[in-house]
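Below, each chain spelled out in residue letters.
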Amino acid sequence: MHITEESKKIAVTGATLEADVVVPEQAQGVVLFAHGSGSGRHSPRNRHVAGELQRAGLITVLADLLTPAEEQRDAWTGELRFDIGLLTSRLTDLTDWVVAQERTRGLGVGLFGASTGAAAALATAARRPSVQAVVSRGGRPDLAGEALSKVLCPTLLIVGGLDSVVIEINREAMRQLAGEASLEIVPGASHLFEEPGTLEQVAMLARDWFIRHLRPVARPAREA
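Parameters and conventions
- Residues numbered from 1 in each chain as written.
- Predicted model: local features only at pLDDT ≥ 70, side-chain atom pairs only at ≥ 80, totals over all residues.
- Heavy atoms only, no water.
- Helix = DSSP H or I, 4+ residues; strand = E, 2+ residues; numbered from the N terminus.
- Rg over C-alpha atoms; globule rule 2.2 N^0.38 Å.
- Contact = heavy atoms within 4.5 Å.
- Areas by Shrake-Rupley, 256 points an atom, 1.4 Å probe, with all protein chains shown as cover.
- Lys, Arg positive; Asp, Glu negative; His and termini not counted.
- Charge placed at Lys NZ, Arg CZ, Asp CG, Glu CD.
- Core = buried A, V, L, I, M, F, W, Y, C linked by side-chain atoms within 4.5 Å.
- Buried < 20%, exposed > 50% of the residue type's maximum accessible area, 1.4 Å probe, protein only.
- pLDDT = per-residue confidence, 0-100.
- Axes fitted to C-alpha atoms, helices over the stretch in contact; angles between N-to-C directions.
- Parallel < 35°, antiparallel > 145°, perpendicular 65-115°, else oblique.
- Left-handed = near helix turned anticlockwise from the far one by under 90°.
- Nonpolar A, V, L, I, M, F, W, Y, C, P; charged D, E, K, R; others polar.
- Polar contact = N/O pair within 3.5 Å; in protein donor to acceptor, adjacent residues only side chain to side chain.
- Phe/Tyr/Trp six-rings, centres within 6.5 Å; stacked < 30°, edge-to-face > 60°.
- Expected span 1.5 Å × (residues − 1).

Q: Would you explain the overall build of the chain in this entry?
A: Within the chain, the secondary structure is distributed over six helices and eight strands. The N-to-C order of helical and strand elements in the chain reads β-β-β-α-β-α-α-β-α-β-β-α-β-α. Taking 224 residues into account, the globule formula puts the C-alpha radius of gyration at 17 Å, and the chain, at 16 Å, falls close to it. With the C-alpha coordinates of the chain rotated into their principal frame, the extents come out at 50 × 40 × 35 Å. Sequence-distant contacts, at least 24 apart, represent 66% of the contacts inside the chain between residues at least 6 apart. Accessible area for the chain stands at about 10,100 Å²; split by element, carbon and sulfur atoms hold 52% of it. Both charge centroids of the chain, one from 23 positive and one from 27 negative side chains, sit 4 Å from each other.

Below, the structure written as structure tokens:
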């Protein structure tokens, strides 16, 4: 399979963010990643998942939700990684960018969120009906607050079997989600899925969820 990769600078409200876009030939959909606490587009765990999605024919967009200056500030204070309003605003702008690009226009859009990034992904899905599916890895969906009851798209919550506190958080969130929701508990996995074989399970679960739910979007007649 032929795959192209490009680095992009994407203008969002009040900032310019860096992103890596990987496009497999004959792409069937596009997945935008929302990284978690203290992480960014170079996250090895998210890149592992992205690789599985690419092999399945999905475009992946791994973007930093913070600028380099903001990342430096957050490294000291830890405050921005929990600013769900800011992260949601950035992710919403990135989703709009994906929908508007010629290469990805007309493709189904999915969001993959990890940790606090999962809250931003769910809040974005509540705002944008263009989002067809969400996958959360070790997420904090509770931080999305009232937005959970407005998420209509199919949502998969993946949690490690050893991450007992986060399991309960996700069970409660699943009861609040308005659309189809599923909870997958990966046996023997901790919060970061560092145990052998556990991240591979996450990648396969995410791949299958997106392949099942992402569908082409009809363009207006004048663009078809």
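Q: Please explain the nonpolar core as it appears in this structure.
A: In summary, soluble globular proteins display a tendency toward joint burial of nonpolar side chains. Within the largest apolar cluster, 45 residues are counted, with the highest numbers of intra-cluster contacts made by Leu 91, Leu 94 and Val 134. With six residues, the single largest contributor to this core is helix H4 (residues 116–127). Judged by nonpolar contacts, the second largest core, of 22 residues, contains Ala 50, Leu 58, Ala 133 and Val 186.

Q: In this structure, what is going on with the confidence of the model for the chain? I would like to understand it.
A: Detailed reading of the predicted coordinates is not advisable wherever pLDDT is low. Residues with a pLDDT of 70 or more make up 94% of the chain, whose mean pLDDT is 91. Between residues 220–224, whose pLDDT stays under 50, and residues either more than four places distant or in other chains, the model counts two contacts.

Q: I keep staring at the packing of helix H3 (residues 84–100) against H4 and nothing clicks. Help me out?
A: Any two packed helices are characterised by the angle at which their axes cross and by the distance between the axes. Running from N to C, H3 and H4 point in directions that differ by 55 degrees, and their axes come no closer than 8 Å. On the basis of the axis angle, H3 is oblique to H4. Considering only the axes of H3 and H4, their crossing is right-handed. Contact residues: Ile 84, Leu 87, Thr 88, Ser 89, Leu 91, Thr 92 and Thr 95 in H3; Thr 116, Ala 119, Ala 120, Ala 121, Ala 123, Thr 124 and Arg 127 in H4. Split by residue class, the contact of H3 with H4 holds seven nonpolar, six polar and one charged.

Q: Please explain the side chain of Thr 60 as it appears in this structure.
A: Structurally, the position occupied by Thr 60 is in strand S4 (residues 58–63). Assessed through its relative accessible area of 0%, Thr 60 is described here as buried. A distance of 2.8 Å separates polar atoms of two side chains, one belonging to Thr 60 and the other to Gln 54. Ignoring anything within four residues of it in the chain, the contact list for Thr 60 reads Asp 20, Val 21, Val 22, Val 31, Phe 33, Ala 50, Leu 53 and Gln 54.

Q: When you look at the packing of aromatic side chains in this model, what are you seeing that I'm missing?
A: Ring pairs (aromatic) are described by centroid distance and by the angle formed between their planes. Considering all chains together, one arrives at one aromatic pair under this definition. Both rings, one in Phe 33 and one in Phe 112, keep their centres 5.0 Å apart while their planes meet at 40 degrees; by these two values the pair is tilted. One end of the pair, Phe 33, is in strand S3 (residues 29–34); the other, Phe 112, is in strand S5 (residues 109–114), and 79 residues separate them in sequence. The buried category is assigned to Phe 33, whose relative accessible area is 0%.

Q: Could you clarify how one ought to interpret H3 in this entry?
A: Owing to its 3.6 residues per turn, the α-helix aligns residues three or four sequence positions apart on the same side. Its 17 residues give H3 an end-to-end C-alpha distance of 24 Å, which sits within 8% of 24 Å, the value for a rise of 1.5 Å per residue. For H3, the full list of buried residues reads Ile 84, Leu 87, Thr 88, Arg 90, Leu 91, Thr 92, Asp 93, Leu 94, Thr 95 and Val 98.

Q: Just to check I follow, could you spell out unusual backbone geometry for this structure?
A: Generally, phi is negative for residues other than glycine and the peptide bonds are trans, each holding for most cases. Here the phi dihedral of Gln 26 falls at roughly 50 degrees; this positive angle occurs in a residue that is not glycine. By the secondary structure assignment, Gln 26 is in the loop between strand S2 (15–24) and S3. Classification of Gln 26 as exposed rests on a relative accessible area of 69%. The phi dihedral of Phe 193 is positive, around 55 degrees, even though this residue is not glycine. Within the fold, Phe 193 resides in the loop between strand S8 (181–186) and helix H6 (198–213).

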